[in-house]
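Close look at the chain arrangement
Below are the chains, spelled out letter by letter.
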Amino acid sequence: MSRIHDIPLLLLVVIAAGLAFLFWFLGFSWLAQDIAPGGTYLVKSIAGLAKDALFVPLKPLMYALIILSIGSSIAISRGGLGAKFIRVLAFFVMFSLAGLILGIIAYLLFQNLPILPDPATIGAGGGNIKQTPFLAKIYGVLTSALMISIYAGVLLGKALSKLDLGVQADKVSDLFIAGFRKFLQYTIPLAVFGSITLALNSPGGVQTLGNLFPLLLPYLMAMILTWCLVVGVTAAMQKRGIGFVLRAVLPQALVAFSTSSSIATLPATRMACTQLGANADESTPFYTIGATINMVGTLIGLLLLSLYAIKAFGIDLSIAEMGVVGLQSMIFATAAAGTPSASVVLLQDILISQGVSAEYATYVTGLIITIDTLILDRLRTVMNTQSDSMSTANGLKLYYKTPKTLES
């Protein structure tokens, strides 16, 4: 089993997807049928078990990771945020808000794309939808399982700090993240196999999967426009041409796209910061935090997927309510682990809080994983890491331009 970790995740996913299509072509429909050995009836298929290998344990593992990561970060922090980080964080937030706006615009331009199936066709609710009041949605966000995990992480950090256990907790957090990445290496290919098998054997079959690919239109539009804005702002901040910025960050983009992991891209992010003129050692804490909170790309991805799923379920959102989903996606994006496709599970919480049934939210999440590892997560990772390096370089540049504005 240890040799699996030497195989690129993309290759494993392609093999899993290929097997799913091969077995469907050969007529192995029993893979998607409930298991009934010797007259014993089990309400689960082989494909369903394969999908659940990822999705059942992923949510509690993600919440545990959030609590531990936030807690250990707070416990080891000394001296507050500091003037440099305030400036870097300002660029993180500014670029994220730009991504939020451009994501909504991209959705509005392509909102009639038939990307996700009608929930009634798969027995996952729909029909007469009871609209949730605006303030109730806000309350649902603030009291969601994800937000409770964040609150718990803050309390854990305070407790660990009082006990002076920050260093030990940080080591445990690093081990947790390493184990989490290995867990995903096993389970993402299984989930892709199971989800594709179930989709191919459900009403619509191949068409259901084919309908997912037009999602790339708004996805690419929002990502590319946000990236162009980030590059333009960076070129202006650094007082250098756009060509200079592109030469600095494109190698980082290639690593991010190939690994699909913000954490794995950290060495390339360090090099990008250096090429942009920031001191490598000085930059390290800031882009490392950026790789942990993963804002811009993950925000855009969660926002677009949520809006299409909510519309497919039959709920119409106003612009203000789309903004709420965007802010919710921003909050959730900061809690997503910097590992492949980890943020997809958070989609369920957003959808349920917006009035989508748990059955349809689970179905959509399983369907999206079929193309997420192949392309969607790679685009998110590129945007996340590019924002990390350029926000860090811009924040440090602004600090040294006006170092006395805030005390470090």
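Because the structure is a prediction, the values reported are computed rather than measured.

A separate point is the layout of surface pockets. Size it by volume and the second largest pocket reaches roughly 290 Å³. The wall of the second largest pocket is formed by 17 residues, among which Leu9, Arg181, Gln185, Thr259 and Pro340 lie closest to the centre. Those elements giving two or more residues to the lining of the second largest pocket turn out to be helix H1 (9-25), helix H6 (166-200) and helix H9 (242-259). Per element, the largest residue contribution to the lining of the second largest pocket is five residues, and it comes from H6. Taken together, the residues that form the lining of the second largest pocket break down as eight nonpolar, six polar and three charged.

To continue, consider the nonpolar core. Membership of the largest hydrophobic core comes to 102 residues, with the highest contact counts inside it found for Leu54, Leu116, Leu146 and Val364. Counting residues per element, this core draws most heavily on helix H15 (residues 358-401), which supplies 14 residues. Non-local contacts of Leu116, meaning those with residues more than four positions away in its chain, are made with Leu212, Tyr308, Ala309, Ala312, Tyr360, Val364 and Leu367.

Before going further, it helps to spend a moment on helix H14 (residues 346-353). Burial within H14 is extensive, with seven of its eight residues counted as buried. Leu346, Leu347, Gln348, Asp349, Ile350, Leu351 and Ser353 are the residues of H14 that are buried. Taken from the residues just after H14, Gly355 is the one with a positive phi, measuring 100°.

Going through the model one piece at a time under the given rule, you end up with ten aromatic pairs. Ring centres of Phe91 and Phe95 lie 6.0 Å apart, and the angle between their planes is 45°; on these two criteria the pair is classed as tilted. Taken together, the residues span about one helical turn, with Phe91 and Phe95 both in helix H3 (residues 82-109) at a distance of four residues. Taking the relative accessible area as the measure of exposure, Phe91 reaches 6% and is therefore buried. Residue class for Phe95 comes out buried when judged on its relative accessible area of 1%. Look at Tyr399 and Tyr400: their rings are 4.9 Å apart centre to centre, the planes differ by 80°, and that puts the pair in the edge-to-face class. The ring of Phe244 carries the charged tip of Arg240 above its face, separated from the ring centre by 3.9 Å.

What follows concerns a positive patch on the surface. Together, Lys239, Arg240, Arg247, Lys397 and Lys401 line one region of the surface with positive charge. When its relative accessible area of 37% is taken as the criterion, Lys397 is described as partly exposed.

Turning to the packing of helix H12 (residues 296-313) against H14, a few remarks are in order. H14 packs onto H12 with a crossing angle of 45° between their chain directions and a minimal axis gap of 10 Å. With respect to their mutual orientation, H12 and H14 come out oblique. Relative to H14, the crossing made by H12 is right-handed. For the pair H12 and H14, the contacting residues are Leu302, Leu305, Ser306, Ala309 and Ile310 in the first and Leu347, Ile350 and Leu351 in the second.

Turning next to unusual backbone geometry. The phi dihedral of Asp164 falls on the positive side, at around 60°, and the residue is not glycine. Tracing the chain through its elements places Asp164 in the loop between helix H5 (145-162) and H6. We note that Lys239 has phi near 55°; this positive angle belongs to a residue other than glycine. As for its position among the elements, Lys239 is in the loop between helix H8 (216-238) and H9.

What follows deals with the pattern of salt bridges. One pass over the structure, following the stated rule, counts four salt bridges. With a closest N to O distance of 2.7 Å, Asp372 and Arg380 form a salt bridge. You'll find Asp372 and Arg380 in the same group, each marked buried. The salt bridge involving Asp377 is made with Arg380; its shortest N-O contact spans 2.8 Å. One end of the pair, Asp377, and the other, Arg380, are both in helix H15, three residues apart, so they sit about a helical turn from each other. Here Asp377 matches Arg380 in class, with each residue buried. Three or more residues are tied together by salt bridges with common partners; here these are Asp372, Asp377 and Arg380.

Parameters at a glance
Residues numbered from 1 in each chain as written. Predicted model: local features only at pLDDT ≥ 70, side-chain atom pairs only at ≥ 80, totals over all residues. Heavy atoms only, no water. 1 Å grid on protein atoms, 1.4 Å probe; cavity = no way out; pocket = protein on both sides within 12 Å on 5 of 7 lines; lining within 4 Å. Points joined across faces, edges and corners; volume = space filled by probe spheres on them. Helix = DSSP H or I, 4+ residues; strand = E, 2+ residues; numbered from the N terminus. Nonpolar A, V, L, I, M, F, W, Y, C, P; charged D, E, K, R; others polar. Core = buried A, V, L, I, M, F, W, Y, C linked by side-chain atoms within 4.5 Å. Buried < 20%, exposed > 50% of the residue type's maximum accessible area, 1.4 Å probe, protein only. Contact = heavy atoms within 4.5 Å. Phe/Tyr/Trp six-rings, centres within 6.5 Å; stacked < 30°, edge-to-face > 60°. Lys NZ or Arg CZ within 6 Å of the ring centre and 35° of its normal. Patch = residues over 30% accessible without salt bridge, like charges linked within 9 Å, V, L, I, M, F, W, Y side chains within 5 Å. Areas by Shrake-Rupley, 256 points an atom, 1.4 Å probe, with all protein chains shown as cover. Salt bridge = Lys/Arg side-chain N within 4 Å of Asp/Glu carboxyl O. Lys, Arg positive; Asp, Glu negative; His and termini not counted. Charge placed at Lys NZ, Arg CZ, Asp CG, Glu CD. Axes fitted to C-alpha atoms, helices over the stretch in contact; angles between N-to-C directions. Parallel < 35°, antiparallel > 145°, perpendicular 65-115°, else oblique. Left-handed = near helix turned anticlockwise from the far one by under 90°.

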